[in-house]
Amino acid sequence: MSDEVARNTPVQTKTKLWLDLLIFAAFLVTMDPRSSGIAIHEWLSLAMLAALILHLLLSWDWIVSISQRFLGKLGTQNRVNYILNWLLFIDGTLLIVSGVMISEVAMPFFGIRLPEGFAWRRLHDMSANLGLLMLGLHTALHWGWIVNTFSRYLVQPVVRLFSAKQKKDAAI
Amino acid sequence: MKTLGRILIILMVFAALSALMVVGVNASGVSASSFRGEGGEFRPGGEGFPPGFQPGADGNRVRPEGFEEHSERGEGRGGISGLMFGAVRNIFVIALLVTLIVWPRSVARKKRKMDAVKPAITEG
């Protein structure tokens, strides 16, 4: 992931950090439809699709670069990362498709009524649980990037702000 | 234009995978129609319940195990506290996985660094 940080501009990295935090928060809400309510669950999940596309666009250079080198010489971590990302994409697709198939609010809103299917409901539950595990692995494999970016763009600016304020107060 | 092309590629892969999944599930024959009778109702006396399913209180409706009587997918455990509980539980699962993967790697990296420093100290 370190080469990805080097390739992205600070603005891109900052955008990605905020986007990822937003996706993570939305994921936590959508993972519990019984508490959030079915309407929030479905609309937020559909909105997350757009956020995930943006997430992929911001990692596009890495995706292309690893796709080209996948069969050649490539580090183990990048290879594992690439395979896990594909599995996450497939699982995310299954989650969205099964969600659409059992939709009770969003699809009827568009006038689309699909036949109720137990298989889709089971697949939806299964892919959600699998998605949680894979998100954990995805987070673990990008932990270095998360800690560095969090420190650079969230912690350090706050620390600088406070130290500047303290200096100003001391000067007065 | 470049971004639009990339979005199209992502959506095309998404659509292809979706189509494969719909075809796969339909071809496997595990759909709602498999669990219903000719009149669109489930027949408990027929070939028995599918694994993991049990009859509802009225004997006709079928819901997966673990589903509560009053809530199938929506409104149930309740508001913010339920949401917080769910979030904490999910964060715990993710944190556990992160710890299990990151911590041993961090220890191994530190050990490698120490091993690299040790000969330099003894040589010095």
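Residues numbered from 1 in each chain as written. Chains lettered and ligands numbered in written order. Predicted model: local features only at pLDDT ≥ 70, side-chain atom pairs only at ≥ 80, totals over all residues.

Counting its secondary structure elements, chain B contains two helices and two strands. For chain B, the N- to C-terminal ordering of α and β elements is α-β-β-α. The buried share of chain B, reckoned over its 124 residues, is 3%. (Helix = DSSP H or I, 4+ residues; strand = E, 2+ residues; numbered from the N terminus. Buried ≥ 20, exposed ≤ 12 C-beta atoms within 10 Å, placed from the backbone.)

Take the overall build of chain A next. Looking only at helices and strands, chain A features nine helices and zero strands. Along chain A, from the amino end to the carboxyl end, the secondary structure elements read α-α-α-α-α-α-α-α-α. By the compact-globule yardstick of 16 Å for 172 residues, chain A is too spread out, its C-alpha radius of gyration being 20 Å. In chain A, which comprises 172 residues, the share counted as buried stands at 23%. For chain A, contacts bridging at least 24 residues in sequence account for 70% of all contacts bridging at least 6. (Rg over C-alpha atoms; globule rule 2.2 N^0.38 Å. Contact = placed C-beta atoms within 7 Å.)

A separate point is the interface of chain A and chain B. If you look at the interface, chain A gives 35 residues, while chain B gives 34 residues. Broken down by secondary-structure element, the contributors of at least two residues to the side of chain A that touches chain B are α2 (10–30), α3 (33–36), α4 (38–58), α6 (76–101) and α8 (118–141) of chain A. The element best represented in the side of chain A that touches chain B is α8(A), accounting for twelve residues. A breakdown of the residues in the side of chain A that touches chain B according to their chemical character gives 22 nonpolar, seven polar and six charged. (Nonpolar A, V, L, I, M, F, W, Y, C, P; charged D, E, K, R; others polar.)

What follows deals with the packing of α4(A) against helix α1 (residues 2–28) of chain B. Two numbers describe how α4(A) lies on α1(B): the axes approach to 10 Å, and their chain directions differ by 120°. Comparing their axes, α1(B) and α4(A) come out oblique. As for the relative orientation of α4(A) and α1(B), their crossing is right-handed in sense. Here I53(A), L56(A) and L57(A) of α4(A) come into contact with α1(B), specifically with T3(B), R6(B), I7(B) and I10(B). (Axes fitted to C-alpha atoms, helices over the stretch in contact; angles between N-to-C directions. Parallel < 35°, antiparallel > 145°, perpendicular 65-115°, else oblique. Left-handed = near helix turned anticlockwise from the far one by under 90°.)

Listed in full, the eleven residues of the largest apolar core are L94(A), L95(A), I96(A), V97(A), M101(A), I102(A), F118(A), A119(A), W120(A), L123(A) and M21(B). Elements with a minimum of two residues in this core: α6 and α8 of chain A. For I96(A), the residues in contact, after removing those within four places along its chain, are S45(A) and L49(A). Of all hydrophobic cores here, the second largest spans six residues; its members include F27(A), M31(A), L135(A) and I94(B). (Core = buried A, V, L, I, M, F, W, Y, C linked by C-beta atoms within 7 Å.)

Further remarks concern the environment of F27(A). Tracing the backbone through its elements, the reader meets F27(A) in helix α2. For the pair F27(A) and L135(A), spaced 108 residues apart in the sequence, the C-alpha separation amounts to 9.8 Å.

This brings us to the packing of α6(A) against α1(B). Packing of α6(A) against α1(B) leaves a shortest axis separation of 10 Å and a crossing angle of 65°. Between α6(A) and α1(B) the crossing geometry is right-handed. Of the residues in α1(B), those in contact with I90(A), T93(A), L94(A) and V97(A) of α6(A) are F14(B), L17(B), S18(B), M21(B) and V22(B).

Next up on the list: the confidence of the model for chain B. Residues and elements named next belong to chain B. Residues at a pLDDT of 70 or more form 56% of chain B, whose mean pLDDT is 72. Ranking the helices and strands of chain B by mean pLDDT puts α1 first, with 93, and strand β2 (residues 62–64) last, with 43. Note on residues 34–49: pLDDT is under 50 here. Beyond four places in sequence and across chains, it has 16 contacts. Scoring of the predicted complex yields 0.77 for pTM and 0.85 for ipTM. (pLDDT = per-residue confidence, 0-100.)

With respect to the element layout, H41(A) can be found in helix α4. Those residues in contact with H41(A), other than ones at most four positions away along the chain, are T30(A), P33(A) and S36(A).

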